[in-house]
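Observations on the model geometry
One-letter residues, chain by chain:
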Amino acid sequence: MPIKIKKPIDKYMELPEGYPVELIEGELLMTPSPSYSHQKIAGELFRKVASYVEQKSLGEVLYVFDIRLDDDNVVRPDIIFIPNEDRDKIRENWVEGAPSLVIEVLSSSTATRDLVDKRELYERHGVREYWVVDPENSMLYIFENNNGVFRIYCKGKRCQSKLLKGLEWVFE
């Protein structure tokens with residue numbers, strides 16, 4: 001009888017709902033609970049982005065929801081935006097493929113993963129706009145995907161989305 005070796009995605013699917021882990025390049029990586037400041041900023045951002053998208057009927061904004069990029073990569077960013085034309089990507093347990101906008105709020109324990117590993121994944125899989133929010137330094141970095149390559153187009157305490165025209169985030 002042949003030995004059946006489980007694929008990383010199968011192992012991921014066996015985990016309990018809400019288990020704090022991401023699948024990156026076939027490896028299951030634990031994600032610790034976010035800090036108070038992380039939660040506070042992520043919550044404020046979610047309310048602002050969701051309100052903007054809802055007012056303009058642009059699509060769906062999801063909070064801490066899985067994205068299945070491929071069989072080796074399932075990530076759980078803080079906030080994602082799916083435009084109306086891509087609503088068919090939304091499944092019960094994840095978004096299938098890259099959303100248009102991904103927002104990650106940095107924590108000391110996940111900063112390298114967000115800035116290097118996940119940034120590369122989002123770039124490669126076609127995320128159109130990637131926000132990295134750094135609460136410790138009150139900075140926002142917005143990357144735009146130009147032909148498969150992220151280019152930073154805003155870095156500072158005040159930035160405006162190109163994808164969601166008129167949506168701005170300001171650190172007070």
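Here's what I pulled together on the structure shown here. (Residues numbered from 1 in each chain as written. Predicted model: local features only at pLDDT ≥ 70, side-chain atom pairs only at ≥ 80, totals over all residues. Heavy atoms only, no water.)

Here we look at the packing of aromatic side chains
- Evaluated as defined, the whole model comprises six aromatic pairs.
- Ring geometry for Tyr122 and Tyr130: centres 5.0 Å apart, planes at 65°, overall edge-to-face.
- A residue is classified by how much of its surface remains accessible, and Tyr130, at 0% relative accessible area, is buried.
- Chaining the aromatic ring pairs together yields one cluster made of Tyr122, Tyr130, Phe143 and Phe150.
- Above the plane of the ring of Tyr153 lies Lys162, whose end atom (NZ or CZ) is 4.5 Å from the centre. (Phe/Tyr/Trp six-rings, centres within 6.5 Å; stacked < 30°, edge-to-face > 60°. Buried < 20%, exposed > 50% of the residue type's maximum accessible area, 1.4 Å probe, protein only. Lys NZ or Arg CZ within 6 Å of the ring centre and 35° of its normal.)

Quick notes on the pairing of strand 10 (residues 139–146)
- Two elements, strand 9 (residues 129–134) and strand 10, share six bridges in a ladder whose sense is antiparallel. Bridging from a neighbouring strand, Glu129 pairs with Glu144 of strand 10.
- Counted between consecutive antiparallel strands, the loop separating strand 9 from strand 10 contains four residues, among which Ser138 sits at a positive phi close to 50°.
- Summarising the sheet, strand 10 and strand 11 (residues 149–156) pair through seven bridges and their orientation is antiparallel. Considered in strand 11, the bridge of Tyr141 is made with Lys155.
- Hairpin connection from strand 10 to strand 11: two residues lie between these consecutive antiparallel strands, with Asn147 at a positive phi of about 55°. (Pairing = 2+ DSSP bridges. Helix = DSSP H or I, 4+ residues; strand = E, 2+ residues; numbered from the N terminus.)

Structural notes on the state of the cysteines
- In the structure shown here, the tally under the stated rule is one disulfide.
- Through a disulfide, Cys154 is tied to Cys159; the S-S separation comes to 2.1 Å. Between Cys154 and Cys159 the sulfur-sulfur dihedral comes to about -90°; the bridge is accordingly left-handed.
- Given the relative accessible area of 16%, Cys154 is considered buried.
- The class of Cys159 is buried, set by a relative accessible area of 1%. (Disulfide = S-S within 2.5 Å.)

Some points on the sheet that holds strand 8 (residues 101–105)
- Reading across the sheet, the six strands line up as 3-6-8-9-10-11 and stay open at both edges, with mixed pairing between neighbours. Each end of this open sheet is capped by a strand with a single partner; those strands are strand 3 (59–63) and strand 11. Each adjacent strand pair in this sheet contributes to an overall mean axis angle of 15°, direction not counted.
- Where strand 3 meets strand 6 (residues 79–83), five bridges bridge the pair, whose relative direction is antiparallel. Counted as the bridge partner of Gly59 is Pro83 from strand 6.
- Against the sheet, helix 3 (residues 111–125) engages strand 8, strand 9, strand 10 and strand 11, with an angle of about 175° to strand 8. (Axes fitted to C-alpha atoms, helices over the stretch in contact; angles between N-to-C directions. Contact = heavy atoms within 4.5 Å.)

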